[in-house]
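Overview (structure and organization)
In case you want the letters, here they are:
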Amino acid sequence: VPLDVLLQRLSERSVPIPDLTLWLCLPVTDALARLGCERERFEQRELLERVVAEYARLELTRVDAQRSIEEVERAIWQEVQRVLKHRRGVRGRFA
């Protein structure tokens, strides 16, 4: 089931939808290189390429996972802070 269809079905059942969904985006070749030979059954190039294509289709917040750990962490916190700032602003207007 495509993720957007799943999210629609969940919202119809009053399941909360996340305020932020991060995609730590990494090219498949880099991901496979990081895994080395310690791969699980589902960590095969063809499947990962399909997953990347599906994620690219969705409106996820991309974080470039090719950067250093510190840069990735900083990018994640910036996105979290952006969402929290927005939520506080919305709550403040309607409170």
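In the block above lies the structure referred to throughout.
Because the structure is a prediction, the values reported are computed rather than measured.

Some words on the overall build of the protein chain
Counting its regular elements, the protein chain contains 4 helices and 2 strands. For the protein chain, the N- to C-terminal ordering of α and β elements is α-β-α-α-β-α. Counting across all 95 residues of the protein chain, residues that qualify as buried make up 15%.

Focus: the environment of Leu3
Counting through the fold element by element, Leu3 comes out in helix α1 (residues 3-12). By relative accessible area, Leu3 is classed as partly exposed at 27%. For the pair Leu3 and Glu54, spaced 51 residues apart in sequence, the C-alpha separation works out to 8.1 Å. In contact with Leu3, not counting residues within four places along its chain, are Glu54 and Leu58.

Considering the packing of helix α2 (residues 28-35) against helix α3 (residues 45-57)
Relative to each other, α2 and α3 sit at 135°, their axes nearing to 10 Å. The angle between the axes of α2 and α3 places the two elements in the oblique class. Considering the relative orientation of α2 and α3, their crossing is right-handed. In this structure, α2 uses Val28, Thr29 and Leu32 to contact α3, whose residues at the interface are Arg45, Leu48, Glu49 and Val52.

Reading the values: the criteria
- Residues numbered from 1 in each chain as written.
- Predicted model: local features only at pLDDT ≥ 70, side-chain atom pairs only at ≥ 80, totals over all residues.
- Heavy atoms only, no water.
- Helix = DSSP H or I, 4+ residues; strand = E, 2+ residues; numbered from the N terminus.
- Buried < 20%, exposed > 50% of the residue type's maximum accessible area, 1.4 Å probe, protein only.
- Contact = heavy atoms within 4.5 Å.
- Axes fitted to C-alpha atoms, helices over the stretch in contact; angles between N-to-C directions.
- Parallel < 35°, antiparallel > 145°, perpendicular 65-115°, else oblique.
- Left-handed = near helix turned anticlockwise from the far one by under 90°.

The values reported here are purely geometric and, on their own, carry no functional implication.
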